[in-house]
Amino acid sequence: NKNDEPAQYLKFLRENKAEQDILYQDLLIPVTGFFRAEKVFEHICETVFPKLLENKNPETPLRIWIAGCSTGEEAYSIAICFKEFLGERKDTLQIFATDLSEPAIAKARSGVYSTSQLQSVSAQRLGEFFIKKNDGFHIKKSIRDMCVFAVHNFLKDPPFGRMDFISCRNVLIYMEPYLQKKAMITFHYALNPNGILLLGKTETTSGATDLFSSFG
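One structure accompanies this document, and this report is about it. (Residues numbered from 1 in each chain as written. Predicted model: local features only at pLDDT ≥ 70, side-chain atom pairs only at ≥ 80, totals over all residues. Heavy atoms only, no water.)

### Let's talk about the packing of aromatic side chains
The description of an aromatic ring pair uses the distance of the two centres, along with the angle that the planes make with each other. Heads up, the condition is: Stacked, edge-to-face and tilted labels apply to pairs of Phe, Tyr and Trp rings (six-membered ring for Trp) whose centres lie within 6.5 Å, assigned for plane angles under 30 degrees, over 60, and everything in between, in that order. Secondary structure elements are taken from DSSP: a helix is a run of H or I of four residues or more, a strand is a run of E of two residues or more, and numbering for both begins at the N terminus. The buried label goes to any residue with under 20% of its type's maximum accessible area, the exposed label to any with over 50%, and the partly exposed label to all in between, with areas taken from a 1.4 Å probe on protein chains only. Remark: a charge is flagged as sitting over a ring if the NZ atom of Lys or the CZ atom of Arg is within 6 Å of the ring centre and within 35 degrees of the ring normal.
Tallied over the full model, the rule gives twelve aromatic pairs. Geometrically, the ring pair formed by Tyr76 and Tyr113 is edge-to-face, given 6.2 Å between the ring centres and 80 degrees between the ring planes. Remark: Tyr113 occurs in strand β3 (residues 112–113) and Tyr76 occurs in helix α4 (residues 73–86); sequence separation between them is 37 residues. Considered together, Tyr76 and Tyr113 belong to a single accessibility category, that of buried residues. Seen from the ring of Phe35, Arg125 lies directly overhead, with NZ or CZ sitting 4.0 Å from the centre.

Quick look at the structure:
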């Protein structure tokens, strides 16, 4: 914007809603990808899904919340894993995927991704769960229908409830400890008594260790 001084830019920022939105989106750090950390998804299929479904009524959907879903790749990856895990089972899944960023949620809802965004998707999965069109690869309806995307701030908006599984990966690392604790309390409230919380590799439940125990 050719503002040479911070004070000059601050004045411009206060008076320009479009610039506020651009700056806000730039601060959200939308880093994601399909099947990011492949072993995590292997663990979900081999350990988490069987544990969650062992006493679940097949007519009651498994409820999952992806907090900080960015442009949707993780939500769709979990939906694909669940579809692969089911086999002949009749269980159903509801994924609630949320993020602060309206553009990211709009992208997630579209379910359209470029070839470069699908580099970590195997050829088999690409053929089974995506449809190639002129504007990119579209998530198939059977996967898309499992996911509900919404703009949501889990630090201040009312949380979802009766969740079996919550994934909040690589989001808490950008927060101060008191906000991390607030998030942990929110997730604990949202989970069913035997629900499971998945965090990023460098994230822990420190500050709320009395609310969670390790699993798997």
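### A few points about the sheet that holds strand β4 (residues 130–133)
The following threshold applies: Strand pairing is defined by DSSP finding a minimum of two bridges between the two strands.
Taken together, the three strands give an open sheet; going across it, the order is β3-β5-β4, and neighbouring strands pair in antiparallel fashion. Two strands bound the open sheet, and with one partner strand each, they are β3 and β4. The pairing of β4 with strand β5 (residues 136–139) spans four bridges and is classified as antiparallel. When the bridges of β5 are listed, Lys133 appears paired with Gly136.

### Here we look at the sheet that holds strand β6 (residues 147–151)
To keep it simple, the criterion reads: Helix axes are fitted to C-alpha atoms over the stretch in contact, other axes to C-alpha atoms as well, and angles between N-to-C directions run from 0 to 180 degrees. Two residues form a contact once any of their heavy atoms are found within 4.5 Å.
With parallel pairing, the five strands of this open sheet are ordered in space as β6-β2-β1-β7-β8. Across the chains shown, the open sheet's two edge strands, defined by having one partner strand only, are β6 and β8 (191–199). For this sheet the average axis-to-axis angle between neighbouring strands, irrespective of direction, equals 20 degrees. Two elements, strand β2 (residues 93–99) and β6, share five bridges in a ladder whose sense is parallel. Pairing of Asp99 across the sheet is with Val151, part of β6. Those strands touched by α4 are β1 (62–67), β2, β6 and β7 (163–168), and its axis lies near 170 degrees from that of β2.

### Notes on the packing of helix α1 (residues 6–15) against helix α2 (residues 17–27)
Rules: Every angle not falling under 35 degrees, over 145, or within 65 to 115 is termed oblique; those three ranges are roughly parallel, roughly antiparallel and roughly perpendicular. Residues are grouped as follows: Ala, Val, Leu, Ile, Met, Phe, Trp, Tyr, Cys and Pro are nonpolar; Asp, Glu, Lys and Arg are charged; every other residue, Gly included, is polar.
Here α1 crosses α2 at 105 degrees, and the two axes come no closer than 5 Å. As far as their axial angle goes, α2 and α1 are roughly perpendicular. Contacts between α1 and α2 pair Tyr9, Phe12, Leu13, Arg14 and Glu15 from the former with Lys17, Glu19, Gln20 and Leu23 from the latter. Among the residues forming the contact of α1 with α2, the class breakdown is four nonpolar, one polar and four charged.

### Observations concerning helix α5 (residues 102–110)
What counts is decided by this rule: When we speak of the arc, we mean the arc of directions from the helix axis to the C-beta atoms. In protein, a polar contact requires one atom able to donate a hydrogen and another able to accept it; more generally it is a pair of N or O atoms within 3.5 Å, and residues adjacent in sequence count only if both atoms are side-chain atoms.
Taken as a whole, α5 has its buried residues at Ala104, Ile105 and Ala108. Buried positions in α5, seen along its axis, are confined to an arc of 95 degrees and lie on one side of it. Looking at the packing, one finds that the buried side of α5 touches α4, β2, β3 and β6. Structurally, the start of α5 carries an N-cap: the backbone nitrogen of Ala104 is 3.1 Å from a side-chain oxygen of Ser101. Immediately beyond the C-terminal end of α5, within one or two residues, lies Gly111, with a positive phi of roughly 65 degrees.

### Brief notes about the side chain of His152
Within the secondary structure layout, His152 lies in the loop between β6 and β7. Of note is the side chain of His152, whose polar atom sits 2.9 Å from the backbone oxygen of Pro158. In this view, His152 contacts Trp65, Thr98, Asp99, Leu100, Asp157, Pro158, Pro159 and Phe160; residues no more than four positions away in its chain are not counted.

### Quick word on the pattern of salt bridges
For clarity, the threshold we go by: In what follows, salt bridge is the name for a side-chain nitrogen of Lys or Arg lying within 4 Å of a carboxyl oxygen of Asp or Glu.
Scanning all chains against the criterion turns up eight salt bridges. The partner of Lys51 in a salt bridge is Glu54, with the nearest N and O atoms 3.3 Å apart. The exposure class of Lys51 is partly exposed, given its relative accessible area of 41%. Residues Arg89 and Asp91 are paired through a salt bridge, measuring 2.8 Å at the closest nitrogen-oxygen approach. When its relative accessible area of 39% is taken as the criterion, Arg89 is described as partly exposed. Here Asp91 falls in the buried class, since its relative accessible area comes to 7%.

Purely spatial values, then, with no claim about function.
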